[in-house]
Amino acid sequence: MEQKKIIFSPPDISEAEIEEVCATLRSGWLTTGPRTKELEKKIAAYVGTSKAVALNSATAAEELNLRILGIGAGDEVLVPAYTYTASAAAAIHVGATVRFIDCQENSLEMDYDQMEAAINEKTKAVIPVDLAGIPCDYDRIYAIVERKKALFTPGGNTDLGQRIQKALGRIAVVSDSAHSFGASRKGVMAGSLADFSSFSFHAVKNFTTAEGGAAVWKDIPGIDNEEMYRWYQLYSLHGQSKDALAKDQLGSWEYDIIAPLYKCNMTDVAAAIGLKQMDRYPSLLERRKQIIAMYDACCDELGVEHLTHDTAEYASSRHLYLSRIPWADDALRREVIVKMAERGVPTNVHYKPLPMMTAYKALGFDIKDFPNAYAHYANEVTLPLHTRLSDEDVEFITKNYSEVIRSVKPGA
């Protein structure tokens, strides 16, 4: 087999996206405008929500979800210890206190019993993370927050947030769906599973706008979706009462600043990429499914553990391929990563738990309190998974992974 140089996670961009971006540049409308609004409608229709708000990142989407809920100082938010920093950082940005929850011994999902035990009078939101594109067990999460309703007192540091919390009458389920655009559970699309969800369209994601994300939410009885949408727009555009589209109308120059808010809108240049990605997305998801089947066969033969991306219960968006080497420790896992890189195959680790990171250690977290998260991390290796891989590339990766794993296995 010839030597190759595999790329870990390049974007899959076709001529269709390039042509749409060029058309956008020629149109003279580069910032938030008609293409962004069109993409929002397509996202909402795809995930089954009434509205979607396109933003410059999933982190911004998650933060705005919390701000719309009126969550802030004095509130607690439950977050998995095993995730990327954005899941927790958004809660910290709004002034809330993060409480980390360990993952399950045999799953990367939160330990739901531990989550339930952590809920108290200050808890206002739980942030499940659809890691690798696999939707969490939202039925169980909702059952828990319903059981804990007696501890919940509606709060909120804004009028809208107060009304939303009162309408929900329980802890809000605010999904970090950064990985799960296109996933579903029991036939319900990610985006319609949690009360609020945030998607990532970063360059390494299945669906990309180069940089970008979106916030979506389920209908809330008694809360007007148009009012919700208007506040997302205000939060994302300096609190300005008119967006660029409205100000472009003849003679319509004047606007107000409702509050000194933020700047995190999506541009039409980014939305142009997303519009054509949307056309191609079903085939991109199908190709990921084919690659995962090849990886699964390899890992099963090696005795290497891996996530199950599709079951009768759920369909993953198949964003990442996480494998675990049962007999490996951190040192041996690092050796595997180096050996794979030497053979032209970059691999990664998803994720180093947040309590191990400098910023979170400074907040008082200690990885010793999250043994399952550490155990999952210590022997995890993420293989390249993207739609620019050919079958020959996948065969090259699996051949080399097999050889490396066998070379480091005890008794080899």
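Before reading on, note that the structure itself is shown above.
Below you will find a few notes about this structure. Here the residue numbers are simple positions, counted from 1 along each chain's written sequence. For a predicted model such as this one, the threshold for reporting local features is a pLDDT of at least 70, and the threshold for listing and counting side-chain atom pairs is 80 or more; totals across whole chains, interfaces and linings nevertheless cover every residue. Side-chain numbers here rest on the full set of heavy atoms in the structure, without hydrogens or water.

Moving on to the pairing of strand β4 (residues 123–126). Two strands pair if DSSP finds at least two bridges between them. Where helices and strands are cited, they refer to DSSP runs of H or I of at least four residues and of E of at least two residues respectively, numbered from the N terminus. When strand β2 (residues 76–80) meets β4, the two strands line up parallel, connected through three bridges. Looking across to β4, one finds that V77 is bridged to A125.

Think of a pair of aromatic rings as described by two things: how far the centres are apart, and how the planes are tilted against each other in angle. The aromatic pairing rule takes the rings of Phe, Tyr and Trp, using the six-membered ring of Trp, and pairs them if the centres are within 6.5 Å, calling planes under 30 degrees apart stacked, those over 60 edge-to-face and the rest tilted. Taken as a whole and judged by the stated rule, the model has 17 aromatic pairs. Where F100 meets F370, the ring centres are 6.3 Å apart and the plane angle is 85°; that geometry is what we call edge-to-face. One end of the pair, F100, is in strand β3 (residues 97–101); the other, F370, is in the loop between α12 (358–361) and α13 (371–378), with 270 residues separating them in the sequence. When sorted by exposure, F100 lands in the same class as F370, which is buried. Counting every residue linked through ring pairs, the aromatic cluster contains Y46, F181, F199, F201, F207 and Y281. Either the NZ atom of lysine or the CZ atom of arginine qualifies as a charge over a ring when it sits within 6 Å of the ring centre and within 35 degrees of the ring normal. The ring of Y229 carries K51 above its face, with NZ or CZ at 4.9 Å from the centroid. Cation over ring: R333 sits above Y377, and NZ or CZ is 4.5 Å from the ring centre. To sort residues, take the accessible area from a 1.4 Å probe on protein chains only and compare it with the maximum for the residue type: under 20% means buried, over 50% means exposed, and anything in between is partly exposed.

Our focus in this paragraph is the sheet that holds strand β13 (residues 380–383). Taken together, three strands build an open sheet; the order of strands is β10-β12-β13 and the sheet is antiparallel. In the strand order of this sheet, the two ends are held by β10 (305–306) and β13, each with one partner. Pairing geometry for strand β12 (residues 321–324) and β13, over four bridges, is antiparallel. Note on β13: the bridge partner recorded for Y321 is L383. Residues are treated as being in contact if the distance between any of their heavy atoms lies within 4.5 Å. Lines are fitted to the C-alpha atoms to define the axes, a helix being fitted only along its stretch in contact, and any angle between axes, read from their N-to-C directions, falls within 0 to 180 degrees. Strands in contact with helix α10 (residues 268–302) are β10, β12 and β13; relative to β12, the strand with the most contacts, it is inclined by about 5°.

For helix α3 (residues 58–68), the tally of buried residues reaches ten of eleven residues, placing the bulk of the element in the interior. Looking at α3, one finds that the buried residues are A58, A60, A61, E62, E63, L64, N65, L66, R67 and I68. The distance from a side-chain oxygen at the start of α3 to the backbone nitrogen of T59 is 3.4 Å, and the residue carrying that oxygen is S57. Within two residues after α3, G70 carries a phi angle of roughly 75°, on the positive side. We call two N or O atoms a polar contact when they sit within 3.5 Å, provided that within protein one can donate a hydrogen and the other can accept it, with sequence-adjacent residues counted only if both atoms are side-chain atoms.

Moving on: the nonpolar core. In terms of nonpolar packing, the biggest core is built from 59 residues, with F100, I164, F196 and M228 touching the most fellow members. Note on terminology: a nonpolar core comprises buried Ala, Val, Leu, Ile, Met, Phe, Trp, Tyr and Cys residues joined through side-chain atoms within 4.5 Å. The next biggest cluster of nonpolar side chains, apart from the first, holds 41 residues, and it includes A44, F199, A214 and L284.

Another point: the side chain of S198. Among the structural elements, S198 can be located in strand β8 (residues 196–200). In contact with S198, other than residues within four places in its own chain, are A58, A61, E62, N65, S175, D176, S177, A178 and A214.

Before going further, it helps to examine the pairing of β3. Relative to β3, β2 runs parallel, the two sharing five bridges. Residue pairing for β3: P80 is matched across the bridge by I101. Every crossover in which the path from the first strand over the helix to the second runs clockwise, viewed with the strands pointing away from the viewer, is termed right-handed. Handedness of the β-α-β unit built from β2, helix α4 (residues 86–93) and β3 comes out right-handed.

Let us now look at the packing of helix α11 (residues 330–342) against helix α14 (residues 391–408). The contact between α11 and α14 brings their axes to 10 Å, and the two run at 140°. Classified by the angle their axes make, α11 and α14 are oblique. The interaxial crossing formed by α11 with α14 has right-handed handedness. For the pair α11 and α14, the contacting residues are L332, E335, V336, K339 and M340 in the first and I397, N400, Y401, V404, I405, S407 and V408 in the second. Amino acids are sorted into nonpolar (Ala, Val, Leu, Ile, Met, Phe, Trp, Tyr, Cys and Pro), charged (Asp, Glu, Lys and Arg) and polar (every other residue, Gly among them). Residue composition of the contact of α11 with α14, grouped by class: eight nonpolar, two polar and two charged. By definition in this entry, angles of less than 35 degrees are roughly parallel, angles greater than 145 are roughly antiparallel, angles of 65 to 115 are roughly perpendicular, and the rest are oblique. Handedness of a helix crossing follows the sense of rotation of the near helix relative to the far helix, less than a right angle counterclockwise being left-handed and clockwise being right-handed.

Another point: the environment of L363. Tracing the chain through its elements places L363 in the loop between α12 and α13. L363 sits 265 residues away from V98 along the chain, and the two C-alpha atoms are 9.6 Å apart.

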